[in-house]
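A structural walkthrough
One letter stands for each residue in the lines below.
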Amino acid sequence: MCGIVAYVGSKQARPLLIEGLKRMEYRGYDSAGLAVLNGKLEVCRAVGRVAMLEEKLEDAPGFEGTLGLAHTRWATHGGVTEANAHPHRDDKVGIALVHNGIIENYAVLKTYLKEKGHQFHSETDTEVLAMLIGELYEGDLEHAVQAALREVTGAYAIAVICEREPDTLVCARKGSPLMVGIGAGEYVVASDPSAIVSHTTQAFPLDDYNVVKITRTGFRSSTVENVSVTPKIMQLEMDLEQIDLGRFQHFMQKEIFEQPAALRNTLRGRLQRTEGKVVLGGLSAYAKELVRARRIVLAGQGTALHAAMIGEYMLEDLAKVPAVAEYASEFRYRNPIIEDGTVVIAVSQSGETADTLAALNEAKDRGALALGVINVVGSTIARETDAGVYLRVGPEVGVASTKAFTGQVAVLALITLFMARRRFMSTEASTRLIDEMLAVPDKIERICEQDTHIRDVTAKYCDRENWLFLGRGYNYPTALEGALKLKEISYIHAEGMPAAEMKHGPIALINEGMPAVFIANKGRQYEKVMSNIAEVRARGGHVIAVATEGDTEIKKQVEDVIYVPDVAEQLSPMLTVVPLQLMAYHAAVIRGHDVDKPRNLAKSVTVE
Ligand code: G6P
């Protein structure tokens, strides 16, 4: 979603800001802009990619200065136009501001400011905040920002500069991430650590309602009420190599192929094979609560929800605890019942998804133990939970989530075993499953070796505009995930559903040559899936089956087969999803789409 980067120091801000924007391009955006303080404010904005902004700047003289801020916008209020792109300004005082989030009471504030004589040039809520800061300015930018934010409801991460204070950058946060990187005599502020790590690895995240005033010689942190606070400085662990493409064409492709290594990292040091035990440092203090848990609610959105659904199946099947996976956005607003012994697990790659955060807070307020299954260390959700387990799959840059999905399923399997072994599961059964888990990375490697075959199968069908993805049991969520991947990056309409549900309506869609992807690996419901395959083929549908190695019979019953190694059914989604990820990837490439910057999507959705 929107990205912020700001700089104060001794270097030229403009190239640095552009580099920061480029690092955050993966998050998804539709326009970009930048402001540099060069005696006066100089602002440049462009619709489209950061490259368009760069092109515009090439023809623009000036923009020399060592204090500046920049933004990539993902439209919420007002269309994708240059006038709506950030930075927004207040010309009375000479303020430039960039903002992520939504100012909910912007309409009331706008009326007030219009009465005061302000003229607006955009449809955005952000411009209202810039004008409000200008209106409240009495010679001190930090105080004006604090005063303005006391009037605001909603979510924000902001960076602000002012012509009258050429040494000062003020930033603030509520509900939308922002981090201050501390270099030698310079500071880089960004909404995403990827824009900071090439300059410094020392940083601190802003907490909600915190404001920080930064000059070239130091910084001061306070609340919006002007009470001083001491930030917690941390070491950023991201390595630049991890966010470079290496030998790959796209981040999504790189991240699919990275899954074996990523999962080895997820599992490292967490499995004690002979005792059949799982060691999860983050959860050890809550082991008793987990053993006694009476109900688990797993909340997430998008891909994270699909992983959560697999978690639900595993927890009930193996740990024998009632579990339910829910859209965080629905859970939050449906007045959920949280009884004693309820544990809520927020599942999120970024740890910043606004709906998931809101669901977690709602559950916490109602007395639930709040756990996180998160990838980004130190993210907002990770900080808000009582405890959790990190995915450790490294930064995920591709907008279409891949390695985070398999990481989430792996961590949910670890949590399941952590509980199951302490509740009902024998050492032998647990050890068996641990062995199966340890073998998953090698098995994914074997699937990746079939990349060319998977591409050829995809090429046969990728001119079709409607696809079905069908699976049962543990692979019903995999079917949902396969359909989501295809939609996200190749813009093909796809529906995922339980294979049995097809005949309750969607079967009407099947016509000659319609591709139907079946997850038909060996498992408890194999025979039933085969019947569903027959139903589709009887109506002219073309079936692509993801099947278990050695199942030669299925070849006779379907158009195309992609084989995956055999594995315990509960863990099978970590394998069966890989061909679906690769199919979506190849379909998008063949259709000529920008895989890492899919239209309209954002990597991390920080508005509800
Ligand atoms: C966005 C992304 C999806 C992602 C979802 C949840 O919609 O485009 O790929 O699955 O958010 O993100 P999270 O960071 O919470 O896992």
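Residues numbered from 1 in each chain as written. Predicted model: local features only at pLDDT ≥ 70, side-chain atom pairs only at ≥ 80, totals over all residues. Heavy atoms only, no water.

1. Some thoughts on the site of the ligand
- In the region of the ligand, 14 residues are neighbours, and Ser-348, Gln-349, Ser-350, Thr-353 and Ala-602 sit closest.
- The contact in question runs from an oxygen atom of the ligand to an N or O atom on the backbone of Thr-303, over 3.0 Å.
- Between the ligand and the protein, one listed contact pairs an oxygen atom with a side-chain N or O atom of Ser-350 at 2.6 Å.
- Isolated, the ligand exposes 390 Å² of accessible area, and the fraction of that covered by the protein chains is 90%.
- In terms of residues, the shell around the ligand owes the most to one element, helix α9 (residues 302-319), which gives 3 residues. (Near = heavy atom within 4 Å. Polar contact = N/O pair within 3.5 Å; in protein donor to acceptor, adjacent residues only side chain to side chain. Areas by Shrake-Rupley, 256 points an atom, 1.4 Å probe, with all protein chains shown as cover. Helix = DSSP H or I, 4+ residues; strand = E, 2+ residues; numbered from the N terminus.)

2. Overview of the domain arrangement of the protein chain
- As assigned here, the protein chain comprises domain 1 (3-241), domain 2 (245-449) and domain 3 (450-595).
- The C-alpha centroid of domain 3 is placed 25 Å from the C-alpha centroid of domain 2.
- If you look at the interface, domain 2 gives 35 residues, while domain 3 gives 34 residues.
- Summing both sides of the interface, domain 2 and domain 3 together bury roughly 3100 Å²; the carbon and sulfur share of this comes to 71%.
- Arg-446 is paired through a salt bridge with Glu-549; the nearest N and O atoms lie 2.6 Å apart.
- For the side of domain 2 that touches domain 3, the secondary structure elements donating two or more residues are α6 (251-257), α7 (259-267), α9, α13 (403-423) and α14 (427-448).
- In terms of residue class, the side of domain 2 that touches domain 3 is built from 20 nonpolar, 10 polar and 5 charged. (Domains from an automatic or database assignment. Contact = heavy atoms within 4.5 Å. Buried area = accessible area lost by both parts, 1.4 Å probe. Salt bridge = Lys/Arg side-chain N within 4 Å of Asp/Glu carboxyl O. Nonpolar A, V, L, I, M, F, W, Y, C, P; charged D, E, K, R; others polar.)

3. So, the sheet that holds strand β2 (residues 31-38)
- Taken together, the 8 strands give an open sheet; going across it, the order is β3-β2-β4-β1-β10-β9-β11-β14, and neighbouring strands pair in antiparallel fashion. Pairing within the sheet leaves two strands with one partner each, and these edge strands are β3 (40-47) and β14 (234-235).
- Relative to strand β11 (residues 202-205), strand β9 (residues 179-182) is paired through 3 bridges, and the arrangement is antiparallel. Paired with Met-179 across the bridge in β11 is Pro-205.
- Across the sheet, helix α1 (residues 13-23) is in contact with β1 (3-8), β2, β4 (67-73) and β10 (187-190); its angle to β4 comes to roughly 25°. (Pairing = 2+ DSSP bridges. Axes fitted to C-alpha atoms, helices over the stretch in contact; angles between N-to-C directions.)

4. Quick word on helix α17 (residues 526-538)
- Over its 13 residues, α17 extends 19 Å from the first C-alpha to the last, a length consistent with the 18 Å expected when each residue adds 1.5 Å.
- In the core, the buried residues of α17 are packed alongside β22 (466-471), β24 (515-520) and β25 (542-548).
- Trailing α17 by a residue or two, Gly-540 shows a phi angle of about 90°, which is positive. (Expected span 1.5 Å × (residues − 1).)

5. So, the nonpolar core
- Counting residues in each nonpolar core, the largest one holds 94 residues, and the members touching the most others are Leu-283, Ile-296, Leu-298, Met-419, Trp-467 and Phe-469.
- Here this core spans two domains, and each of domain 2 (245-449) and domain 3 (450-595) adds at least three residues to it.
- If we ignore the near neighbours within four places in the chain, the residues touching Leu-298 are Ala-308, Gly-311, Glu-312, Leu-315, Ala-323, Val-324, Ala-325, Glu-326, Ile-345 and Leu-412.
- Among the nonpolar cores identified, the runner-up in size contains 32 residues, and Ile-18, Cys-44, Leu-57 and Ala-195 belong to it. (Core = buried A, V, L, I, M, F, W, Y, C linked by side-chain atoms within 4.5 Å. Buried < 20%, exposed > 50% of the residue type's maximum accessible area, 1.4 Å probe, protein only.)

6. A word on the packing of helix α15 (residues 451-461) against helix α18 (residues 573-590)
- Their axes nearest at 9 Å, the elements α15 and α18 cross at an angle of 60°. With respect to each other, α15 and α18 are oriented oblique. The element α15 and its partner α18 pack so that their crossing is right-handed. Each of Asp-451, Ile-454, Arg-455, Thr-458 and Ala-459 in α15 lies in contact with α18, whose residues at this interface are Pro-579, Leu-582, Met-583, His-586, Ala-587 and Ile-590. (Parallel < 35°, antiparallel > 145°, perpendicular 65-115°, else oblique. Left-handed = near helix turned anticlockwise from the far one by under 90°.)

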